[in-house]
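For reference, the chains in residue letters:
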Amino acid sequence: MAPHPGLDADFIKDKARKELLSLLEGVRGKKNLVIEKALSGPIGIFVKFSTLQEHGVDKVFYLENDNVDISQKNVVFLARGEAAANVQAIAEQVKRLEKSSSIEHEFSVLLSPRRTLVCNKIFEDEGVLGDVTISEFPLYFVPLEQDVLSLELESSFGDLYLRKDPSCIFFAAKALMLLQQKHGLFPRIIGKGDNAHRLMELLVRMRSEASADEDSALDVARYGMLPSASIESLIVIDRQVDPATVLLSQLTYEGLVEELFGIKDAQAEVDSSIVGAAPGTQPQGSSSRSPAAPTQQNLKRKIQLDSSDKLYDQLRDVNFAIVGGLLNKVARRLESDYESRHVAKSTSELRDFVNKLPGYQAEQQSLKIHTGLAEEIMKHTSSDLFTRILEVQQNLAAGSDPTAQHETIEELIARDIPLPIILRLLCLESCISGGLRPKDLENFKRMILHAYGYQHLLTLDSLEKLQLLYPRTSSALSIPNPIIGGAGEVRTNYTYLRKVLRLIVDEVNEQDPNDIAYVYSGYAPLSVRLVQCIVQKQYLLSITKGSAAASNGVGSAAHGWYGFEDALKNVRGTTFNKVQKGDEHAVKTRQVLAGTGGKKTVVVFFLGGVTFTEIAALRFLAKQDEGRRKILICTTGIISGNKMMDVAIEKRDFSKT
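Numbers given for residues are sequential positions, taken from 1 along each chain in its written order. At least 70 in pLDDT is required for a residue's local features to be given in this predicted model, at least 80 for side-chain atom pairs to be given and counted, and no such filter applies to totals for whole chains, interfaces and linings, which use all residues. For side-chain calculations, the full set of non-hydrogen atoms in the structure is used, while hydrogens and water are omitted.

A. Layout of the overall build of the chain. Here a strand is any run of E in DSSP of at least two residues, a helix any run of H or I of at least four, and the numbering for each starts at the N terminus. The number of helices and strands found in the chain is 28 helices and 16 strands. Exposure classes here rest on a 1.4 Å probe applied to the protein chains alone. A residue is buried below 20% of its type maximum, exposed above 50%, and partly exposed in between. In the chain, buried positions account for 52% of the 657 residues. In the chain, the share of contacts with a sequence separation of at least 24, taken over all contacts with a separation of at least 6, comes to 78%. Per-residue accessibility takes into account occlusion by the displayed protein chains alone, with areas from the Shrake-Rupley method and a 1.4 Å probe. Here the chain has roughly 29,800 Å² of accessible surface; of this, 50% comes from carbon and sulfur atoms. Residue contacts are counted whenever heavy atoms from the two residues lie within 4.5 Å of one another.

Below, the structure is given as structure tokens:
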């Protein structure tokens, strides 16, 4: 069965490309494009610079650099409309160009994903509202892979949990609503977490509004009032439900590349001494993935990290412990393939080898890159520092006495280890153990301020607001009762869940895994265990309560959270299971027309971010259920422990100059 447009990543790319190019074509003649840096990467995923040139773009500038020139009459600005700073920068650059140029410029502003009243007010206050033509560029989901759709909202975690800005919930609802308009209603919306519940309520409200909107009457008649025939359910996981998983060191290949080098928009910037120089030189203005990125003559090289690289696709989701063996196999096979040219006897065999040669060369180049990356990661993972950090993390995750880890953490502070590492360990203990003892917390705060600077008073305050680092209270010790947090909220009780959901798996076969725990070498991410509560009930019951409970307790047809109610009482946030129904006669008619064949898709949405390791675990689930269902992973953005800490860490030093 062919994928329906909308769940197909290529369709989403094509749609976004056509919308952007249509907006650019609306500006007649040559034009300069001024783009926000954070948007250049996502846009580079679906349109190349050469394509922009074909549609009249002469030069591309970054908005933040404030260096757009007067070479073209038409100037097009492209930025996120939610950020007031972007709109202010556009207004200032418009005024600068009007003053410095003798040409009468025509300014167009494309705001993604929407235009806001704040934008209008800023343009009006700056006196440029009448000088600019404002349009919306509704860019929501950006396909990072065929099974991963991201809103690419870099600041979503900080906005939602630190600054209490719910904008990303609205954008998530709009993006998911677009899927519903293409496929029909999610038959069931299941989730955990207070913000996840708000997202569900917003989706339901948007459905009601769409039903009443005359403009969308045709779509509603076709899809909107009927549950989808191709989607099984939508599962929404609030990031606050499981912060500990993010704080742990990722142990898959892709996760470690993210930890060491950082992956942004399916690209990593790596020192060329590690992966070698790029084959050939790219002249300025070449059609690279990022249309706004000029070539720079430096030691960094951008590496493409997606399924277009077949070797990377094979390595990305495996535990790093077996990457060396896989690379060795590929190297031996390539060597054997190259040697085959010596035994080619006929001209047809030789021609066959020559036809395959470009593929061999591309694979050899990929092998060189990933061997270099793996060697660099190996240096990191075999270091004494990494070993000690991993030991502390795994002891905390396994439920060992947290105070026994304090001596190691104190030593790391004394060695002036980077602050994010220290904060990740302390926040991990806080999340898993229901807080630190007040005396220990005050001691660590004092050590951090002395070692890293007093500006980190603000860092520690931010971590407390994020509810990642907090003192243990008397009520926090009552287990298995819910752990009472600030403002009467319930914090996730990892001590209880560790046993009930079997978060720790002692024997893990990393070579041929049979459980998601392989991604953390023994720890199963709670967030993915929650997804298993819905999509793999019988398996999870069999490993937690025994095979008898799996066969007698809950049938495979049971929906929602059924069977795991006690566990969910010890997980933070609201639990919900919303069924969306349509007209009964229309549903039956559609079922007859569509038939019951074909795999259905489960959409899993992470609000606040998802790690590459969780993506690997979900792909493992999808592979196990390959014959029955597909899993589509959606998120507000990719997150890691370092990115989470970066939200809180104070960058200013407040020192006198």
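From this point, the discussion proceeds with the structure in view.
B. Quick look at the packing of aromatic side chains. Each aromatic pair joins two rings of Phe, Tyr and Trp (for Trp, the six-membered one) with centres within 6.5 Å, and gets the label stacked for planes under 30 degrees apart, edge-to-face for over 60, and tilted for any other angle. Enumeration according to the criterion identifies eight aromatic pairs in this entry. Pairing Tyr518 with Phe620 gives two aromatic rings, centres 5.5 Å apart and planes at 55°, and the pair type is tilted. Here Phe620 lies in helix α27 (residues 612-624) and Tyr518 lies in the loop between α21 (494-500) and α22 (526-535), a separation of 102 residues in the sequence. Under the relative-accessibility criterion, Tyr518 is labelled buried at 5%.

C. Region of the structure containing the packing of helix α19 (residues 438-452) against helix α20 (residues 456-465). Interaxial angles span 0 to 180 degrees and are taken between N-to-C directions of axes, which are lines fitted to C-alpha atoms, for helices over the stretch in contact. Closest axis-to-axis distance for the α19/α20 pair is 9 Å, and the angle between their directions is 140°. Taken together, α19 and α20 sit at an angle that is classed as oblique. Taken together, the residues of α20 that come into contact with α19 (itself represented by Lys445, Ile448, Leu449 and Tyr452) are His456, Leu457, Leu460 and Glu464. By definition in this entry, angles of less than 35 degrees are roughly parallel, angles greater than 145 are roughly antiparallel, angles of 65 to 115 are roughly perpendicular, and the rest are oblique.

D. Seen up close, unusual backbone geometry. Pro113 follows Ser112 through a cis peptide bond whose omega is -5°. Note on placement: Pro113 falls in the loop between β4 (106-112) and α5 (117-125). One non-glycine residue, Gln467, lies in the positive phi region at around 60°. Among the structural elements, Gln467 can be located in the loop between α20 and β12 (483-484). Here Gln467 falls in the buried class, since its relative accessible area comes to 17%. In this model, Arg502 sits at a positive phi of 50°, which is unusual for a non-glycine residue. Along the chain, Arg502 falls in the loop between α21 and α22.

E. Structural view of the pattern of salt bridges. A pairing counts as a salt bridge when a side-chain nitrogen of Lys or Arg comes within 4 Å of a carboxyl oxygen of Asp or Glu. Overall, the coordinates contain 36 salt bridges when judged by the stated rule. For Asp384, the salt bridge is made with Arg415, and the minimal N-O distance between the two is 4.0 Å. One end of the pair, Asp384, is in helix α16 (residues 384-398); the other, Arg415, is in the loop between α17 (406-414) and α18 (419-433), and 31 residues separate them in sequence. On the accessibility criterion, Asp384 (48% relative accessible area) is partly exposed.

F. A look at the sheet that holds strand β14 (residues 575-579). In space, the seven strands of this open sheet follow the order β6-β7-β16-β15-β9-β8-β14, with mixed pairing throughout. Unpaired on one side and paired on the other, β6 (142-145) and β14 mark the two borders of the sheet. Between one strand axis and the next, the sheet turns by 20° as a mean value, whatever way the strands run. Strands were regarded as paired on the criterion that DSSP finds at least two bridges between them. Strand direction decides the pairing type here: strand β8 (residues 188-192) and β14, joined by five bridges, are antiparallel. Bridge pairing in β14 links Gly191 to Phe576. α27 contacts β6, β7 (148-150), β15 (600-607) and β16 (629-635) of the sheet and is inclined by roughly 165° relative to β16.

G. Molecular detail of α22. Counting buried positions over the ten residues of α22 gives ten, a clear majority of the element. Within the sequence span of α22, burial applies to Leu526, Ser527, Val528, Arg529, Leu530, Val531, Gln532, Cys533, Ile534 and Val535.

H. Geometry of the packing of α16 against α18. At a minimum axis separation of 10 Å, α16 and α18 run at an interaxial angle of 10°. Overall, the two elements α16 and α18 adopt an arrangement that is roughly parallel. Between α16 and α18, the contacting residues are Ile389, Val392, Gln393, Leu396 and Ala397 on the first element and Ile421, Leu425, Leu428, Glu429 and Ile432 on the second. Gly counts as polar in this scheme, as do all residues outside two lists: the nonpolar Ala, Val, Leu, Ile, Met, Phe, Trp, Tyr, Cys and Pro, and the charged Asp, Glu, Lys and Arg. For the contact of α16 with α18, the per-class residue count stands at eight nonpolar, one polar and one charged.

I. View of α18. Taking 1.5 Å per residue, 15 residues should reach 21 Å; α18 reaches 21 Å between its end C-alpha atoms and fits that length. Directly after α18, the chain includes Gly434, whose backbone phi takes a positive value near 75°. One fewer than the residue count of a helix, multiplied by 1.5 Å, yields its expected span.

J. Region of the structure containing the environment of Lys600. Take Lys600: it is sitting in strand β15. Of the residues examined, Lys600 reaches a relative accessible area of 36% and is grouped as partly exposed. Separated by 372 residues in sequence, Lys600 and Ser228 place their C-alpha atoms 9.6 Å apart. Excluding residues that lie within four positions of it along the chain, Lys600 makes contacts with Ala229, Ser230, Ile231, Glu232, Arg628, Arg629 and Lys630.

K. Expanded view of the confidence of the model for the chain. Confidence of the predictor at the level of single residues is captured by pLDDT, which takes values from 0 to 100. Looking at the chain as a whole, its pLDDT mean stands at 87, while 84% of the residues score no less than 70. Low pLDDT, under 50, characterises residues 217-223; the stretch is placed with twelve contacts to residues that sit more than four places away or in other chains.

L. How the structure looks around the sheet that holds strand β2 (residues 57-62). One open sheet accounts for five strands, arranged β2-β1-β3-β4-β5; its pairing is parallel. Either end of the sheet is taken by a strand with one partner, and the two such strands are β2 and β5 (132-136). Recorded for the sheet is a direction-independent mean angle of 20° between the axes of neighbouring strands. Note: strand β3 (residues 74-80) against β4, seven bridges, orientation parallel. Following the sheet pairing, Asn74 is matched in β4 by Glu106.

M. The side chain of Gln93, seen in detail. Of note, Gln93 is situated in helix α4 (residues 84-100). Overall, Gln93 belongs to the buried group, its relative accessible area being 2%. Not counting residues within four places of it along the chain, the set of residues in contact with Gln93 comprises Val34, Leu63, Asp66, Val68 and Phe77.

N. Here's a closer look at the side chain of Arg301. If you trace the backbone, Arg301 turns up in strand β11 (residues 300-304). Each polar contact in these results corresponds to two N or O atoms within 3.5 Å; when the atoms are within protein, one needs to be able to donate a hydrogen and the other to accept it, and residues that are neighboring in sequence are counted only if both atoms are side-chain atoms. A polar contact is formed between the side chain of Arg301 and the backbone oxygen of Gly276, at a distance of 3.0 Å. Among the polar contacts made by the side chain of Arg301, one reaches the main-chain carbonyl oxygen of Ala277 at a distance of 3.3 Å.

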